[in-house]
Every structure is written in C-alpha cells, then in structure tokens.
Amino acid sequence: MADLNGINTRDQAAAIKAIVYSGALREALEPELIAMNYVDVISSFPDGDKWQDVEIGNATISDYHEGEEIDYKGLEIGTRDFEINEYVNSGHYVTAKFAQDAYLASQIMSKIPGLEARAIYADLEQKILALANKQTINNANKVNGMSHRFVAGDDESGWGVLTPEDFAYASVALNKVGYTGPRIAIIPSYQEYKIVSNPRIKASLQFNPKFEGIVREGVSSGMKFSFQIYGWDVYTSEYLPQVSGELLLKDREGAKSFAALNNCGEAILFTNISDRRPFRMAWRQMPKFEGKWNMDKQREEYVTVARYGLDIGDKENLVVILCADTDSTITPQA
C-alpha cells in the first residue's frame, strides 16, 4: 500500500505516465533532391504510352567550283523511342481505434500526403541518376576519341579520388561533341570530403556557383551546392548509383587498368542545356493523393499514385567518373 500520509512520486508511480510524449511530431531528416532540376520534361506527350522523337542531323558543306552544279544532299533524320514505363504508389492506413486512442493521430494523418509524395519523388531521384548506367557498362564509351566513362584519380592523388584533371578531361570530352553549355557535376558526398581535404585542390575551389543563381547554402529548394572547380558547379547527392565488377574500365587516358572495382560511387557530369540534357521524362499522372474510409476493416486508407516515363536523353552529353565511396574498393593492376 502507498504511504497514506501523502501523495508522492515514489509511492504513486502507477498513477504517473512512464513516458511523456511531446505535443509535436519530429520528421525524419531527408537528403535534398536535385535531379529533377536537370531533366528534360516532355510536356506535349500524346495519347497512348509510347512516343518517338524525330531528330534532324547537321547540314554538310561541299567544295564548289565556278560553273559546276551545286551538290545537293539530303538531311539525316533519325528517331528515338520513349515510353511511359513507371507506375508507382505509396499507400498507408490509420485504424479507427488508433485515431480514437492516440492524441497525435490528427497530426500523423495530416503528414501522410507529404510523406507519400516525398517517397515517390525520392524514388524518382534515384531512378533518374541511375540512368547513368544506360551507358555501355564495362566500356570507356568513347565519343570522338574521348572516354565518357572512366575511373577517377591518378598516382599522385590516389585512384578513385576526383582531381582537377578529371574535370578538365570531362570538359574536353563534352566540347568534342558540341556540348559547350553550363557545366554541372553531381558527386558522392564522400568525394566532396576527399576534394576539400586535398591541399593541392583546396586552394582552387570557389564557393559561389558559376552557372546557378543560388548561394552556397542552397536558397533554392532541392539544391546542395558544394563548390565550383575548373568551370564545373559541383553538387552532392546521396542518391547516386553504385557499381561493382567493371573489370575493363581504365583511367581517363586509358593507360591504367583496374583489377577490382567494388561498390564504386559514380560522379555524373553533363552540360545543362535545355532539351539536350542526358535525362528526360514525361508525366502521365503527377503524384495524386486520395483517401477513403474502409468500413470492413475500420480504417482510413490513403494512397498517392504517379505514372511517368523515364529514359536517357542525350547520352553523349554525359560523363560518368567512377570514384571511391565509403565502402568501395578500387585496385589498379600491378
């Protein structure tokens, strides 16, 4: 029995809640989403689920001599297929009993639409960046003699570590195929650390973007700007793909081969030219939220559904540099 002379916390513990919950919900901290800023969105997608782009080639010239007839040539016209290939949903429920018994139920239920939309956009972010592997895997993907897929680094900085020379080479590789617009690089966050901790590179970093109208800390939602190096605005992302087992890749000049590439991060570099970006998509249905009461199961059900197409755009406007991540192994051959 409790002490009858008074009420105290020691003897009346059964009358006190063991845990006190705050009156506010704390949401999970999520990485910024940036890829949608660099996707060509097809806004005139027709009926059906397939689309075919018609692309016209460049004009050509011929030598001319007085008195001769003009040499007329046709224009090269090609097509490229595109289709609606993603149908995704995020669905959750809240039981009537929980809604009755939990004083945070209304707060939780009000957060569901935002959480479901976030889940769909985060999934989309990963799928966009994974399009980098639509390059030919285990291949330098050379265009006009320049590699568009190679291993970062050198003997001085270490293999798998991005160097100024890697960025310079990527610039030339894109220039060689006519992509001379604003330079955007998206790199693993571990590489951000490796770059800023390298004394040879650190002094050359600029912390204001060259091409994007935002400041370093990211006023524009979805941006995580890190620094500018050799004309590249560099952003970091936690959603970049990883690869393993590419045994035929070499360094940027094709001189060094690698015996093992495991769990490598991928740095994705391209020029930000509208309608010529390396990624493109079309919405058939943007994320749409719906809710209903399920009488049989006595619960509120919520679902957000989206349907869209996603594919590689201008593949030549893409350089992928394989680099070290926290748990990766990059071993050059002896």
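Residues numbered from 1 in each chain as written. Predicted model: local features only at pLDDT ≥ 70, side-chain atom pairs only at ≥ 80, totals over all residues. Heavy atoms only, no water.

Peer 1: Could you clarify how one ought to interpret the packing of aromatic side chains in this entry?
Peer 2: Applying the stated criterion across every chain yields a total of 10 aromatic pairs. Note on Tyr 38 and Tyr 235: the rings are 6.3 Å apart at their centroids and 55° apart in plane angle, and the pair reads as tilted. Here the residue Tyr 38 occupies a position in the segment before strand S1 (40-41), and Tyr 235 occupies one in strand S10 (residues 232-237), the gap between them amounting to 197 residues. The burial state of Tyr 38 is the same as that of Tyr 235; both residues are buried. Grouped by ring-pair contacts, the aromatic residues Tyr 38, Tyr 235, Phe 270 and Phe 279 constitute a single cluster. Over the aromatic face of Tyr 93 sits the side chain of Arg 299, whose NZ or CZ is 4.0 Å from the ring centroid. Its guanidinium or amino end placed over the ring of Tyr 87, Arg 307 lies 5.5 Å from that ring's centre, counting from NZ or CZ. (Phe/Tyr/Trp six-rings, centres within 6.5 Å; stacked < 30°, edge-to-face > 60°. Helix = DSSP H or I, 4+ residues; strand = E, 2+ residues; numbered from the N terminus. Buried < 20%, exposed > 50% of the residue type's maximum accessible area, 1.4 Å probe, protein only. Lys NZ or Arg CZ within 6 Å of the ring centre and 35° of its normal.)

Peer 1: What is the right way to look at the sheet that holds strand S14 (residues 279-294) in this model?
Peer 2: The pairing of strands in a sheet happens through backbone hydrogen bonds and is either parallel or antiparallel. Spatially, the 4 strands line up as an open sheet ordered S1-S14-S15-S4, and their pairing is mixed. The open sheet is flanked by S1 and strand S4 (86-95), the only strands paired with a single partner. Pairing analysis gives 2 bridges linking S1 to S14, with the strands arranged parallel. Following the sheet pairing, Val 41 is matched in S14 by Met 281. (Pairing = 2+ DSSP bridges.)

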